[in-house]
Amino acid sequence: MATDEPGADWRTELDQVQARWQAAVAAGADVAALRTLEVDALGKKGEITALVRRTGALPPDDRRAFGAAVGALRGVVEGWLAERADDLQAAVLQAELDDSTFDVGRPAAAGRVGHVHPLSQVQAEVEDVFRSMGFHVLDYPEVDSDFSNFESLNIPSWHPAREMQDTFWLDDGNLLRTHTSAGQVRAMHAFEAPFRAVFPGKVFRYEATDASHEHTFHQIEGLMIDRVVSVGHLLDSMRTLLRAILRDAAVEVRLRPGYFPFVEPGFELDIRCRVCGGGGCSVCKQRGWLELLPCGLVHPNVLRAGGLDPDHWQGWAFGLGLSRLVMMRFGVPDVRLLLAGDVRFLAQF
Ligand code: DAH
């Protein structure tokens, strides 16, 4: 029915377009079909886009109303498309949930999971053993002073023992600690005697590397200060440690004299070779024993440097080669593997 109202014709046309798109969107069967509809309606060459373009050609009286009506039409169709897409997605999800073979509780595919480094594993075990015997676990700096690393340990600047440990010196006169023993006097100043502590960490030596030497490796230092301590205490603690770490209640140890300026007497503690049982093999170089852990009774000069009176206090100390222990525990043939960061190696532990 024609009327005199301006724009009556295009109003009817827009109503029809809207009705057609309403039906088309409602019939859109899946996400791909909706996408096609969207292009056909709202894309560059879409039907509604073409209507928008027509605005400019209309008589000025109609232009405004037409523009608003087409804009509204566009919004309505966009809304239907979005709503229909949501409904379809929900339907897909519901169908999956209704499917009796769909298991919501099934674990997702496993990602790649890392794990604790073998050095850290053994370090944590050693720490646990000592914590259970009342030791503190301490963390001391890797950059330390000449005093901590040498002087306080009864190794003055002229002492030939310095040559046993080629040192990375820093420009400011400090150094990368060559051994965890550098923590001994720090601990004596930090705690009131009596006390017991272990301090694990990285140590550094400026030396050529081979299968059993690396410029960076790990040690754990142990220190016990009390009124009366004996080699018997020391030995028993070392046995307790080795039994736990090597999981062998019958581990056999022996002490040999060993020289370190900061202990008197000083020892090398050996364990019976675990490969040959003591008969002699290539691992123990036919000796039947493996050198594992240097130790001794703290030298009076070291106690003095730590502010302790050697007439009242005594101590024992050990410097365990953690890298070495890890190699023995897991049968690692080359120390350099431990810090090389090769995942093919690390994934085995
Ligand atoms: N600090 C020595 C080193 O790295 C090892 C050592 C020997 C530590 C005897 C000690 C000890 O505590 O008593 O070669």
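Located above this text is the structure these notes cover.
Rules used in this analysis
- Residues numbered from 1 in each chain as written.
- Predicted model: local features only at pLDDT ≥ 70, side-chain atom pairs only at ≥ 80, totals over all residues.
- Heavy atoms only, no water.
- Pairing = 2+ DSSP bridges.
- Helix = DSSP H or I, 4+ residues; strand = E, 2+ residues; numbered from the N terminus.
- 1 Å grid on protein atoms, 1.4 Å probe; cavity = no way out; pocket = protein on both sides within 12 Å on 5 of 7 lines; lining within 4 Å.
- Points joined across faces, edges and corners; volume = space filled by probe spheres on them.
- Nonpolar A, V, L, I, M, F, W, Y, C, P; charged D, E, K, R; others polar.
- Disulfide = S-S within 2.5 Å.
- Contact = heavy atoms within 4.5 Å.
- Axes fitted to C-alpha atoms, helices over the stretch in contact; angles between N-to-C directions.

Would you mind going over the pairing of strand β6 (residues 253-257) with me for this structure?
Put simply, side chains in a regular strand alternate between the two faces of the sheet. For β6 and strand β7 (residues 263-272), the ladder comprises five bridges, and the chain directions are antiparallel. Paired with L255 across the strands is L269, a residue of β7. Taking the residues between adjacent antiparallel strands as the criterion, β6 and β7 are bridged by five residues.

Please explain the layout of surface pockets as it appears in this structure.
Empty space left among the atoms is revealed by rolling a probe the size of a water molecule over them. The volume enclosed by the largest pocket comes to roughly 1400 Å³. In this structure, the largest pocket is lined by 48 residues; those nearest its centre are S212, E291, L292, G321 and R324. Among the elements of the structure, β5 (216-226), β7, β8 (289-298), β9 (314-321) and α10 (322-330) are those that each provide at least two residues to the lining of the largest pocket. The leading source of residues in the lining of the largest pocket is β8, at eight residues. For the lining of the largest pocket, the residue count by class is 25 nonpolar, 13 polar and ten charged.

Please clarify how the state of the cysteines should be interpreted in this entry.
Formally, a disulfide is one covalent bond, and it connects the sulfur atom of one cysteine to the sulfur atom of another. Under the criterion given, the structure shown has zero disulfides. With no disulfide of its own, C281 lies closest to C276 among cysteine sulfurs, the gap being 3.7 Å. Left without a disulfide partner, C295 is nearest to the cysteine sulfur of C273, which lies 19 Å away.

I keep staring at the sheet that holds β7 and nothing clicks. Help me out?
By way of backbone hydrogen bonds, the strands of a sheet pair with one another, either parallel or antiparallel. With mixed pairing, seven strands are arranged side by side in an open sheet as β1-β4-β5-β9-β8-β7-β6. One side of each edge strand has no neighbouring strand; the edge strands of this open sheet are β1 (136-137) and β6. Both β1 and strand β4 (residues 195-204) contribute to a ladder of two bridges, which runs parallel. The partner of H136 across the bridge, within β4, is A197. Sheet strands in contact with helix α8 (residues 231-246) are β6, β7, β8 and β9, and its direction is about 30° off that of β9.

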